[in-house]
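Analysis of the macromolecular model
Each chain, letter by letter, is given below.
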Amino acid sequence: MGISAFLSIIFIVLYCITIIGVVLLILLENRNPLKTIPWVIVLIFVPGIGLIFYYFFGREDRRLRIITRRMSKRFRKHTKINIPQKVNEIPEQYHPLAHLLNNSNYSAIFSGSHISVYTWGKEKFDALLEDIKNARHHIHLQYYIFNDDKIGNVIKKALIEKAGEGVIVRVLYDDVGCWNTKKSFFEEMKNEGIETSSFLKVVFPILTSKVNYRNHRKVVVIDGKIGFMGGMNIADRYVEGNKLGPWRDTHFRITGPAVYGLQASFLLDWYAESGKLMNGKEYYPDLQTYSDMKMQIVVSGPTIQWRTLMQAYIFCISNAKKYIYIQTPYFLPTEALNQALQMAALGGIDVRLMIPKRSDTRSAQMATFSYVDKMLKAGVKVYLYDKGFIHSKLLLVDDMLSSFGSSNFDFRSFEHNFEINGFVYQKDFALEMKDIFMQDIQNCTEITYPVWRKRPITKRLTESFMRLFAPLL
């Protein structure tokens, strides 16, 4: 045997030992089996690529080294604003939910806010630009995606003008979400007096597992008095559409006390990157009340001990009495949520799920479709939105509870992303959101089980295969 053949054998043996060792390590971590199985499959069938991907994307023990101790503790830091917890002012059936949201990550109950709803990008950006124009003290802007395109440059120009007037402008963007945006785009803002920062900066995107932890929040706060949150990023597709057609999304303009929650979220994220925690009165001015609306602003992320949004959704679904309506661009539920929805439908609750007919992420859509079969069998009404692409994230329950924000109904939002959602306890607002949902149904095709089962076996097998990787998508 030649030396080259001998070395090849040694390499193969060591390589196999390494793969087996990594598989055993994954098993010993005692993760959720739904997350363990996909990694084991990847390592066995594509060991070379799988090993690289696991090292950079899958190692849970790297989390605290990736996200610094300062960041992991940031949600324990509070502003000096003392907000009373008026749990008794919300419907009694939601007292446990309100306590859950407050106990798991300090989500205060805000009373008296007003919310304007935008269902298309143009109206949202028009309102945002008008509020930016009228800013007097500060503008805090945070987006997962901030594109260097037409609307991106319009907003950049407006921010630069305000900075030139002496208004404090801070821009926080996700480094992974803005991969396609040239750094010079943000450098220009910086040179014009705007404070900019990327969240979890990635030096070599392919060679770091920071890409697995993304700040998916979309938050704007102006003068501590006006806030925006929802599903829209800053990109032309929300105004002009793209090859999928018009982009239908939902965004929200908030005035009143709930703006405190958005401000705290932004400033704590800013603190995570800059080390500067700002909590002065100028950022939390006295605010007018507009209504009897009760609302909680809920943040979630990998540094928080509890999977708050997933737990809250399970509570909402399990305690529904009449109906559950869901809009989401990506439907990759955890097994607990999957079972909760099926049990609700089997129990006679009107469960409706709206997802896109065509998606911007092919692999995620295939995995999404694998869940439809059992949903239909359980009695869930499934609607495919076919007038473009629906990117809205919405949960409605029983004409009383509405949840909206940045979180998708998928593993990534529940496990890896930094997200922010609002939970509103008010009948009038719930009915307004219900009307929007019903209008969207007019642009959908309802799926029936007999028709769904007639799809080609090859398509169903492909979808089932992609479902194995749902926790990784």
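Everything below is about the structure shown above.
These lines cover the structure that appears in this document, whether it is placed above or below. (Residues numbered from 1 in each chain as written. Predicted model: local features only at pLDDT ≥ 70, side-chain atom pairs only at ≥ 80, totals over all residues. Heavy atoms only, no water.)

Between two packed helices, both the angle of their axes relative to each other and the distance between the axes serve to describe the pair. Look at helix 12 (residues 308-318) against helix 13 (residues 335-346): their axes get within 9 Å of each other, and the N-to-C directions meet at 10°. Taken together, helix 12 and helix 13 sit at an angle that is classed as roughly parallel. Contacts from Met-310, Tyr-313, Ile-314, Ile-317 and Ser-318 in helix 12 reach Ala-336, Leu-337, Ala-340, Leu-341 and Ala-344 in helix 13. (Axes fitted to C-alpha atoms, helices over the stretch in contact; angles between N-to-C directions. Helix = DSSP H or I, 4+ residues; strand = E, 2+ residues; numbered from the N terminus. Parallel < 35°, antiparallel > 145°, perpendicular 65-115°, else oblique. Contact = heavy atoms within 4.5 Å.)

Let us look at the packing of helix 8 (residues 150-164) against helix 9 (residues 183-191). Closest axis-to-axis distance for the helix 8/helix 9 pair is 10 Å, and the angle between their directions is 15°. In terms of orientation, helix 8 and helix 9 fall into the roughly parallel class. When the axes of helix 8 and helix 9 are compared, the crossing they make is right-handed. Taking contact as the criterion, the partners of Gly-152, Asn-153, Lys-156 and Ile-160 in helix 8 are, on helix 9, Phe-185, Glu-188 and Met-189. In terms of residue class, the contact of helix 8 with helix 9 is built from three nonpolar, two polar and two charged. (Left-handed = near helix turned anticlockwise from the far one by under 90°. Nonpolar A, V, L, I, M, F, W, Y, C, P; charged D, E, K, R; others polar.)

Considered for burial, the residues of helix 6 (residues 95-105) that qualify are Leu-97, Ala-98, Leu-101, Ser-104 and Asn-105. Angular distribution of buried residues about the axis of helix 6 spans 150°; they occupy a single face of the element. Buried residues belonging to helix 6 abut strand 1 (109-111), strand 10 (294-300), helix 12, strand 17 (401-405) and strand 19 (419-425). Looking one or two residues past helix 6, Tyr-106 carries a phi angle of roughly 60°, positive in sign. (Buried < 20%, exposed > 50% of the residue type's maximum accessible area, 1.4 Å probe, protein only. Arc of directions from axis to C-beta.)

Formed by 89 residues in total, the largest nonpolar core has its most connected members in Leu-97, Phe-146, Ile-324 and Phe-423. Looking at this core, the element that brings in the most residues is helix 14 (residues 362-378), giving nine residues. Not counting residues up to four positions away in its chain, the partners in contact with Leu-97 are Ala-312, Phe-315, Cys-316, Leu-401, Phe-423 and Tyr-425. Ranked by size, the runner-up nonpolar core spans 47 residues in total, among them Phe-110, Ile-254, Met-295 and Cys-444. (Core = buried A, V, L, I, M, F, W, Y, C linked by side-chain atoms within 4.5 Å.)

Moving on to the packing of aromatic side chains. In this structure the tally under the stated criterion is 22 aromatic pairs. Summarising the aromatic geometry, the rings of Phe-185 and Phe-186 are spaced 5.3 Å apart at their centres and angled 85° between planes, so their arrangement reads as edge-to-face. For Phe-185, a relative accessible area of 2% gives the class buried. Phe-186 gets classed as buried once you look at its relative accessible area, which sits at 2%. Ring geometry for Phe-266 against Trp-270: centres 5.8 Å apart, planes inclined by 20°, an arrangement best described as stacked. Residue Phe-266 and its partner Trp-270 are located together in helix 11 (residues 259-274), separated by four residues, close to a single helical turn. A relative accessible area of 5% places Trp-270 in the buried class. Site record: aromatic cluster; members linked through ring pairs are Tyr-313, Phe-331, Tyr-371, Phe-409, Phe-414 and Phe-423. The side chain of Arg-237 reaches across the aromatic face of Trp-247, ending 5.0 Å from its centre. Arg-455 extends its terminal NZ or CZ atom over the ring of Trp-452, reaching a point 3.8 Å from the ring centre. (Phe/Tyr/Trp six-rings, centres within 6.5 Å; stacked < 30°, edge-to-face > 60°. Lys NZ or Arg CZ within 6 Å of the ring centre and 35° of its normal.)

Judged by pairing direction, the sheet is mixed, and its nine strands sit side by side in the order 1-10-19-17-16-11-13-14-20 without closing on themselves. Here the strands that pair on one side only, and so sit at the sheet edges, are strand 1 and strand 20 (444-446). For this sheet the average axis-to-axis angle between neighbouring strands, irrespective of direction, equals 20°. Across five bridges, the pairing between strand 17 and strand 19 is antiparallel. Within strand 19, the position partnered with Phe-404 by the bridge is Gly-422. Together, strand 1, strand 10, strand 17 and strand 19 form the strand contacts of helix 6, whose direction differs from that of strand 10 by roughly 40°. On top of the sheet, helix 11 reaches strand 1, strand 10 and strand 19; it is set at about 15° to strand 10, its chief contact. (Pairing = 2+ DSSP bridges.)

Right, let's get into the pattern of salt bridges. Side chains that carry opposite charge are capable of pairing whenever their charged atoms lie near each other. Here the structure, examined in full by the defined rule, presents 17 salt bridges. Its salt-bridge partner being Lys-434, residue Asp-399 comes within 3.4 Å of it at the nearest N-O pair. Of the two residues, Asp-399 sits in the loop between strand 16 (394-397) and strand 17 while Lys-434 sits in helix 16 (residues 427-441), which places them 35 residues apart along the sequence. Both residues of the pair, Asp-399 and Lys-434, count as buried. A salt bridge links Arg-455 to Glu-463, with the shortest nitrogen-to-oxygen separation between them at 2.7 Å. You'll find Arg-455 and Glu-463 in the same group, each marked buried. Within this structure, Lys-322, Asp-399 and Lys-434 form a network of salt bridges that share partners. (Salt bridge = Lys/Arg side-chain N within 4 Å of Asp/Glu carboxyl O.)

Along strand 3 (residues 138-143), six of the six residues are buried, which leaves the element largely enclosed by surrounding structure. Alternating positions in strand 3 separate into two faces, His-138, His-140 and Gln-142 on one and Ile-139, Leu-141 and Tyr-143 on the other, with burial throughout. Read as a crossover between parallel neighbours, the route from strand 3 over helix 8 to strand 4 (residues 168-174) is right-handed. One ladder, built from four bridges, connects strand 3 with strand 6 (residues 219-222); its direction is antiparallel. If you follow Leu-141 over to strand 6, its bridge partner there is Val-220. (Right-handed = clockwise from strand over helix to strand, strands pointing away.)

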